[in-house]
Amino acid sequence: MSRLRILADPDVMPALDRDLVRPHLAAGLGSFEHPPRILLLYGSLRERSFSRLAVEEAARLLILFGAEVRIFDPSDLPLPDQVKADDHPAVHELREHSLWSEGQVWCSPERHGQITGIMKAQIDHLPLEFGGMRPTQGRTLAVMQVSGGSQSFNAVNTLRLLGRWMRMFTIPNQSSVAMAFKEFDEAGRMKPSSYYDRIVDVMEELVRFTVLTRGHADQLVDRYSERKADAAKRDAANDLASRSIA
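A brief structural summary. (Residues numbered from 1 in each chain as written. Predicted model: local features only at pLDDT ≥ 70, side-chain atom pairs only at ≥ 80, totals over all residues. Heavy atoms only, no water.)

### A look at the pairing of strand β2 (residues 68–71)
One ladder, built from four bridges, connects strand β1 (residues 37–42) with β2; its direction is parallel. Across the sheet, residue L39 finds its bridge partner in β2, namely R70. Since β1 and β2 lie parallel, the crossover through helix α1 (residues 50–64) that links them has a hand, and here it is right-handed. (Pairing = 2+ DSSP bridges. Helix = DSSP H or I, 4+ residues; strand = E, 2+ residues; numbered from the N terminus. Right-handed = clockwise from strand over helix to strand, strands pointing away.)

### Comments concerning helix α4 (residues 154–165)
Along an α-helix, residues three or four apart share an orientation, since each turn contains 3.6 residues. Under the 1.5 Å per step criterion, the end-to-end length of α4 is 17 Å for twelve residues, consistent within 8% with the ideal 16 Å. Buried within α4 are the following residues: A155, V156, T158, L159, L162 and G163. Buried residues in α4, looked at end-on, bunch into an arc of 160°, giving them a common side. Facing away from the buried surface of α4 by more than 90 degrees, the exposed residues are R164 and W165. Looking at the buried positions of α4, the neighbouring elements they touch are β3 (103–109), α3 (117–124), β4 (140–146), β5 (169–170) and β6 (175–177). Among the residues trailing α4, R167 stands out with phi positive, at a value near 60°. (Expected span 1.5 Å × (residues − 1). Buried < 20%, exposed > 50% of the residue type's maximum accessible area, 1.4 Å probe, protein only. Arc of directions from axis to C-beta. Contact = heavy atoms within 4.5 Å.)

### What to know about unusual backbone geometry
Even without glycine at this site, A85 takes up a positive phi of about 60°. With a relative accessible area of 70%, A85 lands in the exposed category. A positive phi angle, close to 60°, is found at R167, a residue other than glycine. Inspection of the secondary structure puts R167 in the loop between α4 and β5.

Read these as geometric descriptors, not functional statements.
Encoded structure:
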């Protein structure tokens, strides 16, 4: 069972002026030997989820800009600590997609002045380290939010904090869509507006930063404290092995 959403009409972008799209927007920034791999997460399970619709618009743009995208559906994701040792297929799949990714997009509704529980649960299921692997460290991140009322930045500010905590490179630009119910048509497509234009800006920047950093991510996040901890583990393992041989 795959929890990846199928993106409808990936080539249809009625709000975009294609004449203004740069064909090689990351040219000269790094190797483009394979498409940038971007995972997109959204924070609402409503049938007409504006955070999901915004993520789908972002995904179409990323594909146009040369990226490979995956949109994770959190519908059956358990709460953190609800399942012993997080041993649940949805958790395993989310972590696999995060390990696959080189960059991510997080989009949450603002509810009671903050991100939603659905959004936070997905991030909480991504540990800093498991099995010697780090599913978020060194990856780029773009943050977005949708609001039912006037424009706010509470959710994107929290997502930035979380991105820093998860050791990700959060890009400077961001998107906040106010009164989102007015910004999408009946088919769920975003209308032309400055809000849509900002999402285009953010996705362009995400692709550029992902291409720029992906060949250097390991070096950029190399830490003395982690090297010291790894050395201590090796010393302990060698000491245990020598005792068992003796």
